[in-house]
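# Close look at the chain arrangement
Now for the letters of each chain:
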Amino acid sequence: MNILLIGAGGREHTLAWKIVQSPKLSNLYVAPGNAGTALIAQNVNIAGDDFTSIKNFVLDNDVEMVIVGPEDPLVKGIHDFFINDSELAHIGVIGPQKLGATLEGSKQFAKEFMMRHGVPTAAYESFTADTLHKGYTFLESLKPPYVLKADGLAAGKGVLILNDIEEAKNQLKSMLVDQKFGQASATVVIEEFLDGIELSCFVLTDGVNYKILPEAKDYKRIGEGDTGLNTGGMGAISPVPFADADFMHKVEERIVKPTINGLKKDNIPYRGFIFIGLIKIGNDPKVIEYNVRMGDPETEVVVPRIKNDIVDLLIAVTKGTLNEIDLEIDDRSAATVMSVSGGYPEAYEKGKEITGLDKITESIPFHAGTLNKAGKTVTNGGRVIAITSYGSNYNEALNKSYKSTELFSFEGKYYRKDIGFDL
Ligand code: AMP
Ligand code: GLY
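Residues numbered from 1 in each chain as written. Chains lettered and ligands numbered in written order. Predicted model: local features only at pLDDT ≥ 70, side-chain atom pairs only at ≥ 80, totals over all residues. Heavy atoms only, no water.

We now examine the site of ligand 1. Near ligand 1 you find 14 residues, and of these Glu191, Glu192, Leu194, Glu198 and Glu289 are the closest. Lys107 is positioned with one of its side-chain polar atoms (N or O) 3.1 Å from an oxygen atom of ligand 1. Within the side chain of Glu198, one N or O atom sits 2.3 Å away from an oxygen atom of ligand 1. Protein burial of ligand 1: of its 470 Å² of free accessible surface, 86% is covered by the chains. Looking at the shell around ligand 1, the elements that each hand over two or more residues are β7 (146-150), β8 (159-162) and β16 (284-291). The class makeup of the residues in the shell around ligand 1 is seven nonpolar, no polar and seven charged. (Near = heavy atom within 4 Å. Polar contact = N/O pair within 3.5 Å; in protein donor to acceptor, adjacent residues only side chain to side chain. Areas by Shrake-Rupley, 256 points an atom, 1.4 Å probe, with all protein chains shown as cover. Helix = DSSP H or I, 4+ residues; strand = E, 2+ residues; numbered from the N terminus. Nonpolar A, V, L, I, M, F, W, Y, C, P; charged D, E, K, R; others polar.)

With that settled, the discussion passes to the packing of aromatic side chains. Scanning all chains against the criterion turns up 10 aromatic pairs. Measuring from ring centre to ring centre gives 5.9 Å for Phe113 and Tyr290, while their planes differ by 80°; the resulting arrangement is edge-to-face. Note that Phe113 is positioned in helix α7 (residues 107-116) and Tyr290 in strand β16, a separation of 177 residues in sequence. Each of the two residues, Phe113 as well as Tyr290, counts as buried. When the centroid spacing of 6.0 Å and the interplanar angle of 35° are considered together, the rings of Tyr402 and Tyr415 count as tilted. Taken together, the residues Tyr402 in helix α13 (residues 394-405) and Tyr415 in the segment after α13 connect sequence positions 13 residues apart. Stacked on the ring of Phe247, the Lys or Arg Lys280 has its end atom at 5.2 Å from the ring centre. The residue whose ring lies beneath Lys417 is Tyr415, and the NZ or CZ to ring-centre distance is 4.5 Å. (Phe/Tyr/Trp six-rings, centres within 6.5 Å; stacked < 30°, edge-to-face > 60°. Buried < 20%, exposed > 50% of the residue type's maximum accessible area, 1.4 Å probe, protein only. Lys NZ or Arg CZ within 6 Å of the ring centre and 35° of its normal.)

What follows concerns the sheet that holds strand β6 (residues 124-128). A sheet is described by the order of its strands in space; here four strands give the open sequence β6-β9-β7-β8, paired in antiparallel fashion. At either margin of the open sheet sits one strand with a lone partner, and together these are β6 and β8. The sheet shows a mean angle of 20° between the axes of neighbouring strands, taken without regard to direction. Sheet analysis places β7 next to β8, joined by four bridges and oriented antiparallel. Paired with Tyr146 across the two strands is Leu162, which belongs to β8. In the packing of α7 onto the sheet, contacts are made with β6, β7, β8 and β9 (187-191), and the angle to β9 comes to roughly 45°. The sheet strands contacting helix α9 (residues 165-176) are β6, β7, β8 and β9, and the helix crosses β7 at an angle near 10°. (Pairing = 2+ DSSP bridges. Axes fitted to C-alpha atoms, helices over the stretch in contact; angles between N-to-C directions. Contact = heavy atoms within 4.5 Å.)

Turning to the sheet that holds strand β14 (residues 235-238), a few remarks are in order. The strands making up a sheet are joined through hydrogen bonds of the backbone, oriented either antiparallel or parallel. Taken together, eight strands build an open sheet; the order of strands is β16-β15-β10-β11-β14-β17-β21-β18 and the sheet is antiparallel. Since the sheet does not close on itself, it has two edges, and those belong to β16 and β18 (364-367), each with one partner. Strand-to-strand twist across the sheet, computed as the mean angle between neighbouring axes with direction ignored, equals 25°. Judged from the nine bridges that link them, strand β10 (residues 197-205) and strand β15 (residues 272-281) form a sheet pairing that is antiparallel.

As a further point, take the site of ligand 2. Taken together, Asp218, Gly232, Phe275, Arg293, Gly295, Asp296, Pro297 and Glu298 make up the full set of residues near ligand 2. Between ligand 2 and Arg293 there is a distance of 3.0 Å, counted from an oxygen atom to a side-chain nitrogen or oxygen. The side chain of Glu298 places a nitrogen or oxygen atom 2.9 Å from a nitrogen atom of ligand 2. Tallied by class, the residues present in the shell around ligand 2 amount to two nonpolar, two polar and four charged.

Take the packing of helix α6 (residues 98-105) against α7 next. When two helices pack together, their arrangement is captured by the angle between the axes and the distance separating the axes. Orientation of α6 relative to α7, taken along the N-to-C sense of each, is 100°, at an axis distance of 6 Å. Comparing their axes, α7 and α6 come out roughly perpendicular. Residue-level inspection shows Leu99, Thr102, Leu103 and Gly105 of α6 in contact with α7, the latter providing Lys107, Phe109, Ala110 and Phe113. A class-by-class count of the residues in the contact of α6 with α7 yields five nonpolar, two polar and one charged. (Parallel < 35°, antiparallel > 145°, perpendicular 65-115°, else oblique.)

On the surface, Val20, Leu39 and Ile40 cluster together to form a nonpolar patch covering roughly 250 Å² of accessible area. Along the chain, the position of Ile40 falls in helix α2 (residues 37-40). (Patch = residues over 30% accessible without salt bridge, like charges linked within 9 Å, V, L, I, M, F, W, Y side chains within 5 Å. Salt bridge = Lys/Arg side-chain N within 4 Å of Asp/Glu carboxyl O.)

Before going further, it helps to examine the pattern of salt bridges. Scanning all chains against the criterion turns up 26 salt bridges. Asp49 is the partner of Lys76 in a salt bridge, and the nearest nitrogen-oxygen pair spans 2.9 Å. Within this pair, whereas Lys76 is found in the loop between α4 (71-75) and α5 (78-83), its partner Asp49 is found in the loop between β3 (42-43) and α3 (51-60), the two being separated by 27 residues in sequence. The exposure class of Lys76 is partly exposed, given its relative accessible area of 42%.

What follows deals with the nonpolar core. Across soluble globular proteins, nonpolar side chains show a tendency to be buried alongside one another. Residues Leu4, Val58, Val66, Phe82, Leu103, Ile276 and Tyr290 are the most contacted members of the largest nonpolar core, which totals 47 residues. Grouped together as the second largest cluster of nonpolar side chains are 34 residues, Leu15, Ala16, Ala41 and Leu313 included. (Core = buried A, V, L, I, M, F, W, Y, C linked by side-chain atoms within 4.5 Å.)

Shown next, in the form of structure tokens:
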């Protein structure tokens, strides 16, 4: 089978690493990919939202399955584009149609879905410029900290958590009236603050059946001790020690089942991954958000723990036969440590040569923001390389990742040395 994978990050390199282990694969294409995917697959210079070029490529190269890594093409309707085109309709697409992708594309849609189906989440109300003053009154009824969320996609920056009521009111106005996040903040969801510890749950579904993949915990802040600005993610571990069997049973019964049943009840077709951002409060899970894709860098620890042929799993998703497969999970822990460009998540330089990756033997280097240029591997993004290792526990896995991380270099390289510090 020929497969096209869309995306260019560490998530996609990891998926590619897993896909090329399948005997069912003939050719793997990655659009646009990075220097890591170029080592194991064929990169294709097409952007994920250039649907016409994707169509031509798919038809010219007998692609039978398209796996969509990031949310953007899904929210823009790539799956619908395939279904509505007679030449493409038979091709399996991994990732929901536009309606399902709204679970990530609109916070308000996601909150309404959770309320309708009894999925535990923070209490909330949503506001527009016309109801700004009701928003102020609602803020006054809450205790700090105040959680303000732009309804639409805002490149991971649309959530503000503020301690001061006046600051919260000012930010609400700036989001609604001054369009701080453009159209994405034309509606703002104000939520009750949830105090607990976060983790991520991943579900693969064909819309009827589901498999719960290994859970993971990622570290979002740039600074050690979880300080400083939010990033895409600086490291991750799986499994998560505090997500014991009892807790994961609650997650399945209270969250996963109502979510899958809710999709069915609402006639929302869904074939792909659901990433459920959870918070553990006492011993109970609540949902912070849904994403309609895998997480990054969570994929770098979740996918290496899946023992099944991932192509078998994904074919079952496209056929609606996921119930026929038993998921097999590696008992070992996996940990990943992300090296980033100096200055990230604010301004940073690109094009720095990366050397020493060939010295890594105990870990798997997954490329995130990298590019091949004039025979060299150079940095091409904020997050550059994720180093994943296995171990009998997360400490052993982390130690290996840290040793391997010291073996390669590029100008301005930074990584957090305290991943797992809070466990
Ligand atoms: P989101 O984009 O919805 O994942 O929010 C970004 C981050 O904000 C989350 O990963 C949490 O750390 C934090 N957050 C979001 N909603 C809440 C909430 N209701 N209470 C506490 N923290 C939250
Ligand atoms: N690591 C968080 C995300 O992928 O959104």
